[in-house]
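# Observations on the model geometry
Okay, here's what each chain looks like letter by letter:
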Amino acid sequence: MIKFSHDFLWGASTSAHQVEGGNIHNDWWQAEQGGVLKEASSQACRHYELYAEDFAIAKELGHNCHRFSIEWSRIEPQEGVFQDSEIEHYHKVIAELKSRGIEPVVTLHHFTNPVWFSQRGGWTKLKLQRYFLRFVEKMAKEFSSVVKFWVTINEPLVYSSHSYLLGVWPPGERSLFKTVKVTLNLAQAHIQAYRIIHKVYQDKKLERPMVSIAANLQAFELCRPTLKNKLAVYLRHKLYNLYFIEALLRKRTLDYIGINYYGRNLADVENWGIRHLLLDTCKYNHHPLRKNSLGWDIYPQGLYKLLILLKKYSLPILITENGVCTEDDDLKWDYIRGHLEQLNKSIEEGVNVFGYIYWSLIDNFEWDKGFGPRFGLVHIDYQNQKRTIRASARKLAEVSKSGLI
Ligand code: GAL
């Protein structure tokens, strides 16, 4: 039998643009109107209005924490114009969680940017960072008395690679130079944001907050043991998994390590070009594993391997996302149970993991993939916005409530 400690955090995550609906002032909405994306987010899950209903479900499922993001473009739809009514909205969201004994974990950047910010060059321009930092300071001042856990930036490398290397997310560019620039600028932004948040808490004489990023980690594995593949796995692990974490650790700007883990990346490289080394994966289904509905390899052991590697940093770890999109609810439960088993194994071997946050509480808008992939613990009927709790969610609830598998 597996046992988790009684103070372990159990919860699920969402992000504003994926669930709220009507985020008309951000760059994603703008791109969606341009028709280049598969689907538009439009009303999404109407979580902006239905959050209390959704949190009642989270409570029923035994959650004691919940991760969500504050939408910058709602707070500051035009440069320098801050909307008190939207700040008030997030006060209500947090109060609703707290009244149910659910600890908020607040993300400040989850892929979307205000249109005015992206039109001026967004994260490619270091000098524009001050706008994000002004927003961060405002949010820290507003919410410091009710929020302990912060995620400054969600998956910086997923953002920079999808938006500037692969070109599949706004602004749709394909430039290695800009990808590097944006990545470095995001690291800088986190370092400054971390210091700003801590200063706000110090000035108000509040207990130290816990500030981190949510880093997307992948289990990079070899397809065939060629030299090219070995170099690819080495580079991907160093750059993709560790670059950010190590850069922020050097500046002492992580209070915990937030990790988002989904599965395996099986490297099989066609030639020595840098894009190939960084991106090519096996096309022939060698070493087959079960897959989610987007074709991603399900690989719970990868989570264990990564957690063991992260142990050397001696920081507490929070699983800020882990999840599967599938129509097969038995597979969903297998995925969750498999990852919890590996997580527990790492805890037994001395890794300090203090919480597990599933992606996602509800089915939602999966970026360029639209509404097809279903990651939720809760099914959404997009015709009428009806919420239905999946059986897998109830099984996870048993674990959250008892700490036992
Ligand atoms: C993460 C991201 C989420 C969600 C999830 C499933 O990379 O933070 O927004 O989309 O993947 O793909």
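Residues numbered from 1 in each chain as written. Predicted model: local features only at pLDDT ≥ 70, side-chain atom pairs only at ≥ 80, totals over all residues. Heavy atoms only, no water.

### Points about the layout of surface pockets
Defined as follows: Residues are called lining when one of their atoms sits within 4 Å of a cavity or pocket point, these points coming from a 1 Å grid over the protein atoms alone, where a cavity is a set in which a 1.4 Å probe fits but cannot get out and a pocket is an open set with protein on both sides within 12 Å along at least five of seven lines. Grid points are joined across faces, edges and corners, and a volume is the space filled by probe spheres set on the points. A helix here means a DSSP run of H or I that spans at least four residues, while a strand means a run of E at least two residues long, and both kinds are numbered starting from the N terminus. Polar here means any residue other than Ala, Val, Leu, Ile, Met, Phe, Trp, Tyr, Cys and Pro, which are nonpolar, and Asp, Glu, Lys and Arg, which are charged; Gly is therefore polar.
Taken as a whole, the largest pocket encloses approximately 1,500 Å³ of empty space. Forming the boundary of the largest pocket are 50 residues, of which Ser161, His162, Gln218, Tyr240 and Asn265 lie nearest the centre. When contributions to the lining of the largest pocket are tallied by element, the ones reaching two or more residues are α8 (156-164), α9 (176-203), β5 (210-222), α10 (227-250), β6 (257-267) and α11 (274-279). Residue composition of the lining of the largest pocket, grouped by class: 25 nonpolar, 16 polar and nine charged. The volume enclosed by the second largest pocket comes to roughly 180 Å³.

### Some words on a positive patch on the surface
For clarity, the cut-off: Patch definition: residues above 30% relative accessible area lacking any salt bridge, with like charges linked at up to 9 Å and the nonpolar side chains Val, Leu, Ile, Met, Phe, Trp and Tyr linked at up to 5 Å. Values of accessible area rely on a 1.4 Å probe in the Shrake-Rupley scheme; residue burial ignores everything except the protein chains shown. Salt-bridge detection follows one rule: a side-chain nitrogen of Lys or Arg within 4 Å of a carboxyl oxygen of Asp or Glu. Asp and Glu are treated as the negative residues and Lys and Arg as the positive ones, with His and the ends of the chain left uncounted. A single reference atom marks each charge: NZ on Lys, CZ on Arg, CG on Asp, CD on Glu.
A surface patch of like charges, here positive, comprises Lys125, Lys127, Arg130 and Lys181. If you trace the backbone, Arg130 turns up in helix α7 (residues 129-143).

### Re the nonpolar core
We count it as follows: As used here, the term nonpolar core means buried Ala, Val, Leu, Ile, Met, Phe, Trp, Tyr and Cys residues forming a set that is joined through side-chain atoms within 4.5 Å. When a residue's accessible area, from a 1.4 Å probe over protein chains only, is under 20% of the maximum for its type it is buried; when over 50% it is exposed; and in between it is partly exposed. A contact between two residues is defined here by any heavy atoms of the two lying within 4.5 Å.
Ranked by size, the top nonpolar core spans 119 residues in total, and within it Phe132 and Leu343 carry the most contacts. Element by element, the count of residues in this core is highest for α9, at ten residues. If sequence neighbours within four positions are ignored, Leu343 has contacts with Phe4, Phe8, Leu303, Leu307, Ile319, Val353 and Tyr356. One finds Phe149, Met210, Leu318 and Phe354 within the second-largest nonpolar core, a separate group that totals eleven residues.

### Topic: the packing of helix α13 (residues 329-348) against helix α14 (residues 391-402)
Threshold: Every angle, taken between N-to-C directions, lies between 0 and 180 degrees, and every axis is a line fitted to C-alpha atoms, over only the stretch in contact when it is a helix. Note on terminology: angles under 35 degrees are roughly parallel, angles over 145 are roughly antiparallel, angles of 65 to 115 are roughly perpendicular, and the others are oblique. Put simply, a crossing is left-handed when the front helix is turned counterclockwise from the back one by less than a right angle, and right-handed when it is turned clockwise.
Relative to each other, α13 and α14 sit at 25°, their axes nearing to 8 Å. Between α13 and α14, the angle falls in the class roughly parallel. Here α13 and α14 pass one another in a crossing that is right-handed. Touching Asp329, Lys332, Trp333, Ile336 and Leu340 of α13 are Ala391, Ser392, Lys395, Leu396 and Val399, all from α14. Grouping the constituent residues of the contact of α13 with α14 by class yields six nonpolar, one polar and three charged.

### A closer look at the site of the ligand
We count it as follows: One heavy atom suffices: a residue is near a molecule or strand as soon as one of its heavy atoms comes within 4 Å of it. Any pair of nitrogen or oxygen atoms within 3.5 Å is treated as a polar contact; in protein, a donor-acceptor pairing is required on top of that, and neighbouring residues in sequence qualify only through side-chain atoms on both sides.
Taken together, Gln18, His110, Phe111, Asn154, Glu155, Tyr262, Trp296, Glu321, Trp359, Glu366, Trp367 and Phe375 make up the full set of residues adjacent to the ligand. In the environment of the ligand, an oxygen atom lies 2.4 Å from a nitrogen or oxygen atom belonging to the side chain of Glu155. Considered on its own, the ligand offers 310 Å² of accessible surface; in the complex 95% of this is hidden by protein. Broken down by class, the residue content of the shell around the ligand amounts to six nonpolar, three polar and three charged.

### Let's talk about α8
The periodicity of an α-helix, 3.6 residues per turn, causes residues three or four positions apart to be oriented the same way. Among the nine residues of α8, eight are classified as buried, and the element is accordingly described as predominantly covered. Along α8, the residues that are buried comprise Pro156, Leu157, Val158, Tyr159, Ser160, Ser161, Ser163 and Tyr164. Lining the buried residues of α8 we find β4 (149-154), α9, β5 and α10.

### Overview of the side chain of Ser73
If you trace the backbone, Ser73 turns up in helix α4 (residues 72-75). A distance of 2.5 Å separates a polar atom in the side chain of Ser73 from a polar atom in the side chain of Glu71. Ignoring anything within four residues of it in the chain, the contact list for Ser73 reads His25, Asn26 and Pro114.

### Looking at the environment of Lys125
Looking at the secondary structure, you find Lys125 in the loop between α6 (115-119) and α7. Sequence spacing of Lys125 and Lys178 is 53 residues, and the spatial spacing of their C-alpha atoms is 9.7 Å. Residues in contact with Lys125, not counting those within four places in the same chain, are Arg120 and Asn185.

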